Amino acid sequence: MAGPAKFDRWYRRAVIGIPYAWLIVFLLIPFLIVLRISVSQTELAQPPYSPVLDLSAGWQGLKDFFGALSFETFKLLFGDWLYVSSYLRSLTFAAVSTLILLAIGIPVAYGMARSPQRLQPILLIAVILPFWTAFLIRIYAWINILQRDGLLNDALLALGIVSEPVTWLATDTAIFIGIVYSYLPFMVLPLYASFERMDETLLEAAADLGCPQWKAFWLVTLPLALPGVIAGSLLCFIPIVGEFVIPDLLGGSDALFIGQTMWAEFFSNKDWPVASALATVLLAILLVPIVFYQAAQARTLERK
Amino acid sequence: MPDHPASSSDRPQSTVPMVRFAGVSRRFGSFTAVDNVSLDIASGEFFALLGPSGCGKTTLLRMLAGFETPDQGEVLLDGQNIVGVPPYERPVNMMFQSYALFPHLTVAGNIAFGLRQEGWTKAAIDARVAEMLALVKLEQFGHRKPHQLSGGQRQRVALARALAKSPKVFLLDEPLGALDKKLRDETQFELMALQQRLGLTFIIVTHDQEEAMTMADRLGVMHAGKLVQVGTPAEVYENPATRWVAEFIGEVNLFEGTVSGHQGGLASVDTKAGRLVVTRKDGIGDGQNVSVAVRPEKIDIVREPATGASNMLYGHVVDIAYLGDLSIYKIRDRHGLVVKASVTNKDRSASTLLHRGDEAWLTFASDAGVLLRD
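None of the values given here were measured: they were computed from a predicted structure.

Let's shift gears to the packing of helix H4 (residues 81-113) of chain A against helix H11 (residues 226-241) of chain A. All names here are of chain A. The interhelical angle for the contact between H4 and H11, taken along N-to-C directions, is 145 degrees, at an axis separation of 9 Å. Our pair here, H4 against H11, has a crossing hand that is right-handed. Together, Ser90, Leu91, Phe93, Ala94, Ser97, Thr98, Leu101, Leu102 and Gly105 of H4 and Val229, Gly232, Ser233, Cys236, Phe237, Ile240 and Val241 of H11 make up the contact between the two elements. Split into classes, the residues belonging to the contact of H4 with H11 amount to ten nonpolar, six polar and no charged.

The next point concerns the domain arrangement of chain A. Residue and element names in this part refer to chain A. For chain A, the assigned domains are domain 1 (44-75) and domain 2 (80-303). Relative to domain 2, the C-alpha centre of domain 1 lies at a distance of 41 Å. Facing the four residues of domain 1 at the interface are five residues of domain 2. The class makeup of the residues in the side of domain 1 that touches domain 2 is three nonpolar, one polar and no charged.

Let us look at the packing of helix H9 (residues 201-208) of chain A against helix H10 (residues 213-224) of chain A. All names here are of chain A. Interhelical geometry of H9 versus H10 gives an angle of 130 degrees and a closest axis separation of 10 Å. If you check the angle between H9 and H10, you find them oblique. In this structure, H9 meets H10 at a crossing whose hand is right-handed. Residue-level inspection shows Leu202, Leu203, Ala206 and Ala207 of H9 in contact with H10, the latter providing Ala216, Leu219 and Val220. In terms of residue class, the contact of H9 with H10 is made up of seven nonpolar, no polar and no charged.

Conventions and cut-offs
- Residues numbered from 1 in each chain as written.
- Chains lettered and ligands numbered in written order.
- Predicted model: local features only at pLDDT ≥ 70, side-chain atom pairs only at ≥ 80, totals over all residues.
- Axes fitted to C-alpha atoms, helices over the stretch in contact; angles between N-to-C directions.
- Helix = DSSP H or I, 4+ residues; strand = E, 2+ residues; numbered from the N terminus.
- Left-handed = near helix turned anticlockwise from the far one by under 90°.
- Contact = placed C-beta atoms within 7 Å.
- Nonpolar A, V, L, I, M, F, W, Y, C, P; charged D, E, K, R; others polar.
- Domains from an automatic or database assignment.
- Parallel < 35°, antiparallel > 145°, perpendicular 65-115°, else oblique.

Printed below as a string of structure tokens:
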């Protein structure tokens, strides 16, 4: 039976090989390029950094190349408040937004999971539906809503809540509105999956043991939905840290997200090494929650 | 048949039953799950609700736990109407069929859950948890999570958790369903011993008649939402109230016929298998269509016609099921009626006496048959 066994081996290699090949081509190689640029010096040339590896110089060329690499750019990042504050701003916005998303996402997802069975697919589609419109268009729509004579101010004035138009656009509030609106589905979907999976007899058991419903939610439902809470939080937190479009379109220009700072270094200052170093440090920062997520995942798998 | 020293008849009857269902009905749409059930269960009794799936026994239990509200009737606990009292305020605890252990809590955490709701102090909780772990012999497992336990251990955790609060009534919903045969038998006796030790009122729901008969002081047999018979296991087995009960509990031979006359305490019934003479029953008169129910173990098999037997049937052996402790013979008479008779294999060579195709005479005493109205 050499034939099928051999085929089986090749098949398995191919199956395992596909994700590896994808990750090598689209994650590892680009990252190595970014890393290599981040330890270079900026030049007014093409390419706009040095050293450039000269393979024709042979061994000496390779030695020169590695000798010219330096970590100067990284020192610069931590020496300049501009960069540190950008990181802090991104991380703070991501953390606060994730908390707001949890506060909205948990009741939404729980309500969906407790809805009548036949309504649940409709609710799920309704959550996913906004994705059918381009992200940028939806953010531009928010500009329209939030501007001085926009829908929001019209509504507030009509209801008599405010007496004159409020400035929404180019404020932090606008950024939060944009982020929470855009990322809510990423929070709701994993939470819904967790809530929906839960065995309802556990709630009966809690009630039987003397625990009212509202308390059982805290003692039983939420702890059991923890994998969903963690997954949703990371799915939101990580991309929000790197968010560029929302703060750029809805926020003011006085303070920058790290994505905006990177964009400025890359396109305005033409400083590729600093932009690359910013990206490398961001990746290192984001690895912390990813590792935390992996550990949580491993724990959940072990439980099954 | 195990004997039942603690049957309800020798129990001192207190004036107020621990549990009383008074004309209780529960409908789901057009389906009536529980149909006008009235039932009293005494304090300290081990009561079994027995019936096939869908007969309403679980719904009845859930009304006592507070997960279902009756559409009609009252549910009284220790004299108090508890309809409308939420489950978390009822002094009853339930062991769920799936056990419903909290997967995120340890064994000790599960047992302590109910005590925490009552605001016990930490020391009191710890002491009670240790006591309950000892009760179910899981002292070493307090720190484990439910997924790290075997099925039998999980069952014991569920037991300890439900008993920790010393409920007035302990409800068990198919408690042994997920266990294998041997463990089930052991657990039955453990539960009985536990009930006697704690003196609590146990109400068990089961579809397994053997389980119900082994454990319970009294049974309530349910069929299609109705409570069809209540009594000790022996009463229900020996004096089934209806043909359905006779067939549901244990094996039974049913001979359909018409009452042809009465003489003294006996009634004669003309059946396809001939005239049978059995003990008379009040309310059954001449000319009435009836069934005579005879349990297989009450029928004797002989190899030649017996003289002086009240009832005798003749046929050929068509099937023999050898079960070790006993053998079940199927005998077909000349009309094609198949009668089951079981014989205890007391003698090691007993199983070699009769073979398939052999002639056989079946006899049974007149008090072995029970008259049932059709």
